[in-house]
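Topology and contacts: notes
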Amino acid sequence: MSLLTLLHQTLCGAVAAAGFGMLFNIGMRQLPWCAGAGALALATRTYCTGLGWSLEGASFTAALVVGAAVQLLHWRMGISPTAFDVVGCIPMVPGSFAAKATLGLFAAATKTGSGDTRVLLTALQYTLSVAFITGAIGTGLAIPTLLLRVRVPLHASRPDR
Amino acid sequence: MADVPTVMRTCPPLGSTPVPPLNAITMATLDAARLLMESGGKAKSVDELVHLIAHGLGAESAELRIGYASLSLTISIGHSSITRMKKVGLIGVNQQLEQGLWHLAKRGSHERLEVEQVEEQLARLALATPRYGAWVTAVGVGLACAAFGRLLGVDLKGSVPVFLAATVGQIIRQLAVKFGLNVFICTGLVSSVASLLTSMGGRLAGSGTIGTAVIASVLLLVPGVPAVNALNDILEGYPTLGSARAITVMMTLVFIAAGLWIGPILLELWH
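Residues numbered from 1 in each chain as written. Chains lettered and ligands numbered in written order. Predicted model: local features only at pLDDT ≥ 70, side-chain atom pairs only at ≥ 80, totals over all residues.

**Describing the overall build of chain A**
Convention followed: Strands here mean DSSP runs of E at least two residues long; helices mean DSSP runs of H or I at least four residues long; both are numbered from the N terminus. In this scheme every C-beta is placed from the backbone, and a residue whose C-beta has 20 or more other C-beta atoms within 10 Å is buried, one with 12 or fewer is exposed, and one in between is partly exposed. Any two residues are considered in contact once their C-beta atoms, placed from the backbone, lie within 7 Å.
Helix and strand content of chain A: 6 helices and 0 strands. For chain A, the succession of helices and strands along the chain, N to C, is α-α-α-α-α-α. Within chain A, the fraction of its 161 residues that count as buried is 50%. For chain A, long-range pairs separated by at least 24 residues make up 69% of all intrachain contacts whose partners lie at least 6 apart in sequence.

Structure below.
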């Protein structure tokens, strides 16, 4: 994997995350943090796939890294960690696989020839990839949230009335 | 509390009137919870917000049942308790509104706030939370989809149609939401228009990756936040809401695919 590829993927991840940050109405001052989270996610995933890892494993690691970074830094960002988690990982959500899987299933439903099995198998492969990648991202984000979250007892801050 | 029905544990004696602020506290807290749900908050966050606001307003216990389309809350003070329900509207993502709600909840837990103040703040948040202009959002989304396209391997000639189609698609989506069109129909419509525009633009520009470009142009519709929320909700002990979100995500994907299927057919008919 060349440095140029890594930079290209990182930049595209940053632009995609910032664009979706606008769609999610994240404040202007926090948009650079969104871009940073997207860039971190894509850089990690590209680096891991460059090492020969599967897309699922690379996505899990990238989500884990983004989740941990967000949990450790969110107090500086001035925004809820959930939003940053999600926006940072949005460029990794397998939207194209999901679309291809659904289209493949449509095609398999209408085919009647001998190519049915192949079409169905491809659609099934995409469906499984979507399920595993989404699961990997969700689990990767959930682990730092569950482990690193600072827990404040709710009753401790209650005012006397 | 997870997705199990709450039970009124203590009731006021027969013939007595309920404690006056109890109803107001419950409705204000439910309003905050509804706004957070509609802003794309996950179940655990909604539960935490409800506890912060309810305790800040003086409730001794707050038990919430979170559904996809409604919320039920039981608030108790002393021997009195009350259960109220509220419908949840169209679920979207609005981070600035979510941030405002958390700010209010934290303020309420540190200083004494009256119910009227909370109601007033909630109304202000719902109406006055700043949003990006429609065109600014559309251009941002267009750029994001073009970047997605590059990540998927779309060539430069195909990236421009992706940008334009996604920008137009976002504008159509905003108009459809404004006119109250069904969210799934809106998804199918945007998907078919964006795929049609990308196919046409890709052919005119001489792109060699039209198929991938078409998919990139509809990625603005992929419900990423609900998908991650669904998984988080299930992992964090809210399987009912998580499953409902997952089904909605699946239906959205079906409508995106239907739009992707219709777009090229329209193009062929036109030619």
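**Overview of the sheet that holds strand E3 (residues 80-87) of chain B**
Residue and element names in this part refer to chain B. Worth spelling out the cut-off: Between any two strands, pairing holds if DSSP finds at least two bridges. Lines fitted to the C-alpha atoms define the axes, with helices restricted to the stretch that makes contact. Angles between their N-to-C directions range from 0 to 180 degrees.
Ordered by their spatial adjacency, 3 strands build an open sheet running E1-E2-E3, and the pairing between neighbours is antiparallel. Every interior strand has two partners, whereas the edge strands, strand E1 (61-66) and E3, have only one. The sheet shows a mean angle of 15° between the axes of neighbouring strands, taken without regard to direction. The sheet contact formed by E1 and strand E2 (residues 70-77) spans 6 bridges and is antiparallel. Pairing of Leu 64 across the sheet is with Leu 73, part of E2.

**Looking at the interface of chain A and chain B**
Stated formally: Residue classes follow a fixed rule: Ala, Val, Leu, Ile, Met, Phe, Trp, Tyr, Cys and Pro count as nonpolar, while Asp, Glu, Lys and Arg count as charged, and any other residue, Gly among them, counts as polar.
Taken residue by residue, the interface counts 41 residues in chain A and 48 residues in chain B. Elements represented by at least two residues in the side of chain A that touches chain B include exactly helix H1 (3-23), helix H4 (81-89), helix H5 (95-110) and helix H6 (116-148) of chain A. For the side of chain A that touches chain B, the per-class residue count stands at 24 nonpolar, 14 polar and 3 charged.

**A closer look at unusual backbone geometry**
In terms of backbone geometry, most residues other than glycine have negative phi values and most peptide bonds are trans. Residues and elements named next belong to chain A. Although it is not a glycine, Asn 25 adopts a positive phi angle of roughly 60°. Inspection of the secondary structure puts Asn 25 in the loop between H1 and helix H2 (31-50). We classify Asn 25 as buried; it has 22 C-beta atoms within 10 Å.

**So, the pairing of E1 of chain B**
Within E1 of chain B, 5 of the 6 residues are buried, which leaves it mostly tucked inside the rest of the structure. Between the antiparallel neighbours E1 of chain B and E2 of chain B lie 3 residues.

**Structural notes on the environment of Cys 48 of chain A**
All names here are of chain A. Looking at the secondary structure, you find Cys 48 in helix H2. Along the chain, Cys 48 and Ala 62 lie 14 residues apart, while their C-alpha atoms are 8.4 Å from each other. For Cys 48, the contacting residues outside a window of four places in its chain are Trp 53, Gly 57, Ala 58, Thr 61 and Ala 62.

**Concerning the nonpolar core**
Which entries qualify depends on this criterion: What we call a nonpolar core is a set of buried Ala, Val, Leu, Ile, Met, Phe, Trp, Tyr and Cys residues whose membership is set by joining through C-beta atoms within 7 Å.
Core analysis: the largest hydrophobic core is formed by 90 residues, its most contacted members being Ala 17, Ala 37, Val 66, Val 87 and Cys 89 of chain A together with Cys 145 of chain B. Core analysis: the next-biggest nonpolar cluster, separate from the first, contains 36 residues, Met 37, Ala 59, Leu 101 and Leu 122 of chain B among them.

**Digging into the domain arrangement of chain B**
All names here are of chain B. Stated precisely, the cut-off is as follows: Residue ranges assigned to the domains are those given by an automatic or database domain assignment.
Domain annotation for chain B reports domain 1 (20-128) and domain 2 (134-270). Each of domain 1 and domain 2 has a C-alpha centre, and these two points are 33 Å apart. Taken together, the contacts link 9 residues of domain 1 with 10 residues of domain 2. Class assignment of the residues belonging to the side of domain 1 that touches domain 2 gives a composition of 5 nonpolar, 2 polar and 2 charged.

**Here's the deal with the packing of H2 of chain A against H4 of chain A**
Residue and element names in this part refer to chain A. Applicable threshold: If an angle is under 35 degrees, it is roughly parallel; if it is over 145, roughly antiparallel; if it lies from 65 to 115, roughly perpendicular; otherwise it is oblique. A clockwise turn of the near helix away from the far one marks a right-handed crossing, whereas an anticlockwise turn of less than a right angle marks a left-handed crossing.
Relative to each other, H2 and H4 sit at 50°, their axes nearing to 7 Å. Relative to H4, the element H2 lies oblique. Regarding H2 and H4, the two cross each other, and that crossing is right-handed. On the side of H2, the interface is formed by Trp 33, Cys 34, Ala 37, Gly 38, Leu 40 and Ala 41, while H4 contributes Phe 84, Val 87, Gly 88 and Cys 89. Partitioned by chemical class, the residues of the contact of H2 with H4 number 8 nonpolar, 2 polar and no charged.

**Regarding the pairing of E3 of chain B**
Successive residues of a regular strand alternate their side chains across the two faces of the sheet. Residues and elements named next belong to chain B. One ladder, built from 8 bridges, connects E2 with E3; its direction is antiparallel. Its bridge partner being in E3, Ser 72 is matched across the sheet by Met 85. Here E2 hands over to E3 after 2 residues, with Gly 78 in that stretch at a positive phi of 60°.

**With respect to the environment of Leu 151 of chain B**
Residues and elements named next belong to chain B. Mapped onto the elements of the fold, Leu 151 is located in helix H5 (residues 134-152). For Leu 151, a count of 23 C-beta atoms within 10 Å puts it in the buried group. A sequence separation of 54 residues divides Leu 151 from Ala 205, and the C-alpha atoms of the two residues are 20 Å apart.

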